[in-house]
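# Descriptive analysis of the structure
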Amino acid sequence: MAIKYKLHPSYPQLEKELFNIKEVFSKDNEIIHKARNVLKIIPLHNIDTVVKAFRIPNAINQFAYAYIRKSKAYKSYFNALKLQELQVKTPSPIGFIEFYTNGFFKESYFLSEKFDYELTMADIRDTPPIDKVSILKAFARFTYDIHQKGVWHVDYSGGNVLINRQNKTYNFSLVDINRMEFKDIKGYEGLENFNKFWFNEHDLKTIAKEYSVVASLNEDKAIVEIILHDAKLKTHVLRRRKLKSFFTGK
């Protein structure tokens, strides 16, 4: 079995645990997410780490990740470094490791420091706090700021934006960052990035108005754009769900 790995120079004490991550991960630790991928909080050398175990891909992607594309674990680590370079908050990356069998990509893990937060943008949508409007406006400004830095989070959605309140300000942090693009984002293009939050129309208008102010865009056109992108994605997702239900009977 071959491996590829990278350990951040700030965490030399975790090298042994990184190499033995499969054994470390298999122990009974706190699971914080379990779906296609599994996330656990694992204390290592007095550091609370979050370890993300990515699902073993299908045979085609086992070949692709071995010889053509970078893995999700690899991109999670290096995207985190890029975000830090751009002064965009994200949990501190510790390292990643990939395991190969007979030349084919198999298991992979990404490690970061545990990041404490109060809320996510999904909480703002589902159980709105009294300062919801202020948070939505601050979130619009934050999004414009990262767009100005060339950051396009492909999985920009409610659970992937963390919030902390501090001295009447709001600090936002990004997670689940393996799918990101770094590119020029101009004009109304940035409004498409809100389409995976599933906000109601009133909240979308609040975001669009604030984004239009900081981006010097026409407010009415910004509102039309954000609602258009939101409706397009919702229609696509609902259509796929209906087709799945038709073929599976569920």
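Everything in this summary refers to the structure shown in the same document. (Residues numbered from 1 in each chain as written. Predicted model: local features only at pLDDT ≥ 70, side-chain atom pairs only at ≥ 80, totals over all residues. Heavy atoms only, no water.)

### Digging into the sheet that holds strand E7 (residues 119–120)
Formally: Note: two strands are recorded as paired if DSSP finds a minimum of 2 bridges between them. Counting from the N terminus, the helices are the DSSP runs of H or I reaching at least four residues and the strands are the DSSP runs of E reaching at least two. The contact criterion used throughout is that any non-hydrogen atoms of two residues lie within 4.5 Å. All axes are obtained by fitting lines to C-alpha atoms, using only the stretch in contact for helices, and the reported angles, taken between N-to-C directions, cover 0 to 180 degrees.
Taken in spatial order, the three strands make up an open sheet running E7-E9-E10, and their pairing is antiparallel. Either end of the sheet is taken by a strand with one partner, and the two such strands are E7 and strand E10 (169–174). Contacting E7, strand E9 (161–166) and E10, helix H6 (residues 132–148) runs over the sheet at an angle of about 50° to E10.

### Details of the nonpolar core
Rule in force here: To define a nonpolar core, start from buried Ala, Val, Leu, Ile, Met, Phe, Trp, Tyr and Cys residues and group those joined through side-chain atoms within 4.5 Å. Whether a residue is buried, partly exposed or exposed follows from its accessible area with a 1.4 Å probe, protein chains only, as a fraction of its type maximum: under 20%, in between, or over 50%, in that order.
Counting 36 residues, the largest nonpolar core has Met 121, Phe 139, Phe 172 and Leu 174 as the members making the most contacts within it. Where this core is concerned, the elements lending two or more residues are helix H4 (72–85), helix H5 (121–126), H6, E9, E10, helix H7 (201–215) and helix H8 (219–248). The element that contributes the greatest number of residues to this core is H6, accounting for seven residues. The residues touching Phe 172, leaving out its near neighbours within four places in the chain, are Lys 89, Met 121, Ile 135, Ala 138, Phe 139, Phe 142, Val 161, Leu 162 and Ile 163. By size, the runner-up hydrophobic cluster in this structure holds 18 residues, among which are Tyr 11, Leu 18, Val 24 and Ile 97.

### Let's talk about the side chain of Asn 79
Here Asn 79 is to be found in helix H4. The exposure class of Asn 79 is buried, given its relative accessible area of 10%. Apart from the residues within four sequence positions on either side, Asn 79 is in contact with Ile 177, Asn 178, Arg 179, Met 180 and Phe 182.

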